Amino acid sequence: MIPKIPEKFSNVRHIIEKLYKGDDTFRSVYKDYQTYLNALQFWEQSSSDDAAARRSEYTQLVGELEEELMQALNKRLKDSLISIS
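Let us look at the structure shown here. (Residues numbered from 1 in each chain as written. Predicted model: local features only at pLDDT ≥ 70, side-chain atom pairs only at ≥ 80, totals over all residues. Heavy atoms only, no water.)

## A closer look at the overall build of the protein chain
Counted only if it meets this: Only DSSP runs of H or I covering at least 4 residues are called helices, and only runs of E covering at least 2 are called strands; the numbering of each starts at the N terminus. Two things to know: the radius of gyration comes from C-alpha atoms, and the globule rule equals 2.2 Å times the number of residues to the power 0.38. Burial status follows relative accessibility: with a 1.4 Å probe on protein chains alone, a residue under 20% of its type maximum counts as buried, one over 50% as exposed, and anything between as partly exposed. By the convention used here, residues are in contact when the closest approach between their heavy atoms is within 4.5 Å. In short, Shrake-Rupley with a 1.4 Å probe defines the accessible areas, and a residue's cover is counted only from the protein chains shown.
Summing up its helical and strand segments, the protein chain has three helices and zero strands in all. Mapped from its N terminus to its C terminus, the protein chain presents α and β elements in the order α-α-α. The C-alpha atoms of the protein chain give 15 Å as radius of gyration, which overshoots the globular expectation for 85 residues (12 Å, by more than 25%). For the protein chain, the C-alpha atoms occupy an extent of roughly 55 × 25 × 20 Å along the three principal directions. Going through the 85 residues of the protein chain one by one, you find that 29% of them count as buried. A separation threshold of at least 6 residues defines the contact pool for the protein chain, and within that pool the share at least 24 residues apart is 58%. When the accessible surface of the protein chain is totalled, it reaches about 6,000 Å², and 51% of it is carbon and sulfur.

## Quick look at the pattern of salt bridges
Test applied: Counted as salt bridges are all cases of a side-chain nitrogen of Lys or Arg within 4 Å of a carboxyl oxygen of Asp or Glu.
Per the counting criterion, the structure on display carries six salt bridges. Residue Asp 50 is joined to Arg 54 by a salt bridge in which the shortest nitrogen-to-oxygen separation is 3.6 Å. When its relative accessible area of 34% is taken as the criterion, Asp 50 is described as partly exposed.

## Here's the deal with the environment of Met 70
One can find Met 70 in helix H3 (residues 51–84). Sequence separation between Met 70 and Arg 27 is 43 residues; the distance between their C-alpha atoms is 13 Å.

Below, the structure is given as structure tokens:
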């Protein structure tokens, strides 16, 4: 079963679900994204001495994985449009 899809990606939920089920690479990236997003949310709530550094680190990682996910989603959309033509 696919992990929770953030609101940011709700408009492409159906594509994420298809890719998650059928593409091992996408599934791996998506799982990493979920892991880092959860870690970022944890550090956003933390008041420990190193919280600011961890927030910065996980913000960057989440951003990089979001970009990778968007590239995969855009490729899937492009491939779908080409196959329809």
